Structures are given as C-alpha cells and as structure tokens.
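Here's the letter readout for the chains.
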Amino acid sequence: MAFYIKEKNWRTLLNYANAAYNEFKSEITGYMTLSKDDDSDWEMKNPIILKQEVGSGSCEIDKEDSANYFVDAFDRYGEDVRFVWWHTHANMGAFWSSTDTQNMEDQCSNGWAASLVINIKGEYKFRVNFNDPVKAYADTEIAILNQKSKKIPKRITDEVKSKCSEPTYNYNKSNNYQYGWNNGYYKNFKSNQMTLAGTGTPLLNQRNKAANNWYELYADLRDHIDAYTEGELAWKDLKFWIQE
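Figured I'd write up the structure that's included with this text.

The residue Ser115 is located in strand S7 (residues 112–118) in this model. Take Ser115: its relative accessible area is 3%, and that puts it in the buried class. Setting aside residues up to four positions removed in sequence, Ser115 forms contacts with Val84, Trp85, Trp96, Met104, Lys125, Phe126 and Arg127.

The strand order across the open sheet built from three strands is S5-S4-S11, with neighbouring strands paired in mixed fashion. In this open sheet, the two edge strands, each paired with only one partner strand, are strand S5 (59–61) and strand S11 (164–165). Across three bridges, strand S4 (residues 52–54) lies against S5 in antiparallel orientation. Paired with Gln52 across the bridge in S5 is Ile61.

Our next topic: the pairing of strand S8 (residues 124–130). Counted residue by residue, S8 has five buried out of seven residues, so it is predominantly covered. Pairing between S7 and S8: seven bridges, direction antiparallel. Paired with Ala113 across the strands is Asn129, a residue of S8. Between S7 and the antiparallel strand that follows it, S8, lie five residues; Gly122 among them carries a positive phi value of about 95 degrees. Judged from the five bridges that link them, S8 and strand S9 (residues 136–140) form a sheet pairing that is antiparallel. Across the sheet, Phe126 pairs through a bridge with Thr140, a residue of S9. Hairpin connection from S8 to S9: five residues lie between these consecutive antiparallel strands.

Okay, the pattern of salt bridges next. Counted by the stated rule, this structure contains six salt bridges. Residues Glu43 and Lys45 are paired through a salt bridge, measuring 3.9 Å at the closest nitrogen-oxygen approach. By relative accessible area, which is 28% here, Lys45 ends up partly exposed. Its salt-bridge partner being Glu159, residue Lys163 comes within 2.9 Å of it at the nearest N-O pair.

This paragraph deals with the packing of helix H1 (residues 7–24) against helix H4 (residues 154–163). The N-to-C vectors of H1 and H4 enclose an angle of 55 degrees; their axes lie 9 Å apart at closest approach. As the angle between them shows, H1 and H4 are arranged oblique. Relative to H4, H1 is oriented so that their crossing is right-handed. Contacts between H1 and H4 involve Thr12, Asn15, Tyr16, Ala19, Ala20, Glu23 and Phe24 on the former and, on the latter, Ile156, Thr157, Glu159, Val160 and Lys161. Here the contact of H1 with H4 is composed, by residue class, of six nonpolar, three polar and three charged.

This part takes up the packing of aromatic side chains. Tallied over the full model, the rule gives 11 aromatic pairs. Centre to centre, the rings of Trp10 and Tyr124 are 5.5 Å apart; their planes meet at 80 degrees, and the pair counts as edge-to-face. Here the residue Trp10 occupies a position in helix H1, and Tyr124 occupies one in strand S8, the gap between them amounting to 114 residues. With respect to class, Trp10 is no different from Tyr124; both count as buried.

Pairing within the open sheet is mixed, and its eight strands lie in the order S9-S8-S7-S6-S2-S3-S1-S10. Unpaired on one side and paired on the other, S9 and strand S10 (143–145) mark the two borders of the sheet. Strand-to-strand twist in this sheet, taken as the mean axis angle between neighbours without regard to direction, amounts to 30 degrees. Sheet topology note: the strand S2 (residues 29–36)/strand S6 (residues 82–88) ladder contains six bridges and is antiparallel. Along S6, the bridge assignment pairs Tyr31 with Trp85. Relative to the sheet, H1 contacts strand S1 (3–6), S2, strand S3 (42–49), S6, S7, S8 and S10, its axis offset from that of S3 by approximately 35 degrees.

Reading the values: the criteria
Residues numbered from 1 in each chain as written. Predicted model: local features only at pLDDT ≥ 70, side-chain atom pairs only at ≥ 80, totals over all residues. Heavy atoms only, no water. Helix = DSSP H or I, 4+ residues; strand = E, 2+ residues; numbered from the N terminus. Buried < 20%, exposed > 50% of the residue type's maximum accessible area, 1.4 Å probe, protein only. Contact = heavy atoms within 4.5 Å. Pairing = 2+ DSSP bridges. Salt bridge = Lys/Arg side-chain N within 4 Å of Asp/Glu carboxyl O. Axes fitted to C-alpha atoms, helices over the stretch in contact; angles between N-to-C directions. Parallel < 35°, antiparallel > 145°, perpendicular 65-115°, else oblique. Left-handed = near helix turned anticlockwise from the far one by under 90°. Nonpolar A, V, L, I, M, F, W, Y, C, P; charged D, E, K, R; others polar. Phe/Tyr/Trp six-rings, centres within 6.5 Å; stacked < 30°, edge-to-face > 60°.

Below, the structure written as structure tokens:
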C-alpha cells in the first residue's frame, strides 16, 4: 500500500495553509478523497475546506457543512471512496498532538483511515490508522509528483477568508466567561467587572482580550509539549518557541 499526490493537489494544500496563516495566523483543516489505482496504490485527490472556526491551536468544522460534504462525496464517488483528514500547523513543526491522535482514532472506520498534518513550509506527517484485526498505526511517506513552487492564487485566499472565521467570546448574564472554541473545551472562566481608575470605563474588553490570548497560548503550549514528550520535537526547538 503506497500513497501519492499530484503536484497541483499538494500545492492546493500548501496554499490553504499559507492563506490561513497570512489571514488569521491560524491552522486550517479539511478533507481529501483517496482513489485506488490499477497498481493498488492510493492517490490523494480533491483537497477541500469547509466552513470552520480557526485558531492558532485548533479548528472546528461546521457540522452541517461536514455532513453535506460526505453525503455529496458518496453520491459522486460511490460507497467505496475513502477520505484523508488533513490539517495544518501554521508555521510550527509537523507533529501529532494528543488531540490529533484521538481524532485519528475516532475517524478510523472500514478497517483503516488516513490523516495528514502539514505546515506552511511543506513539512508533513502522514499516518494510516488500522482498527481491524487489531488497532495499530503506521507513519509513512507520500510521493509528491512533479513538485514545484508557486504563489498563492487569489481564489484560494478569497475562499479561506469566506469560509473561515475566528472564535467568538461572550459574557453571559451570570458573568461566567463562555469560551466558544475547541468544542467548548474551556468554559466558565470567572470574571469581575473592573474600571479604569478615575474614568468609570469598564475593563471588560481588556480582560476579554487577555483571556483569549491566554487560551490560545495554552493550546499552543500543550501541543508543543506533546510533540516534545513523544520525541517529535527537539528540546532546543521547544525552548526557542517558549522564549520567542
């Protein structure tokens, strides 16, 4: 079993990665189809993105868009079609975080499933997860055919801007901080209404902004520590990121 991708499709992935980083300083995620050729190898095709919330440490695809995509794909390619879940790591290294690992296991069906993480430089990791006859995985290489270097097309940038949005943050009436990113992973951050001394101006916006930055930083730190403990990130690189 070998996997390959044509240059135009690989370039599309890189363009999505760079456009998301340029516009939002964020990751981005999507899917590709897998087609079996006459030599029983698998070609990765049709990279797409869907409506999603993006951040520096995670992405969340709109559930309705995701459901419609799979229904349309089965109608177009047949029930035997397979998919690659791909996402980017912006300007960071290509590695599997603990969240990635769980997502890959959750998506493994019909015997096996494929996943890809790529950064804006074109560094990547590609994994195939198996659940039959036993649970296992293999990190393997992708053959990139006729690889070239090109600028990001305007249509890619426009598509990323139209389908991606940053998470929203709100305060409810009970004054609990509601964090609307990463499936509501962090919720109920207590806050107090403060004012600038001598002005009576609420500090709500300043506190809100600080909290947003803290959670994004925490998500980044979690993924980098995961990569270090799994031997996929060198200590000097982790230290450089922290100091940066």
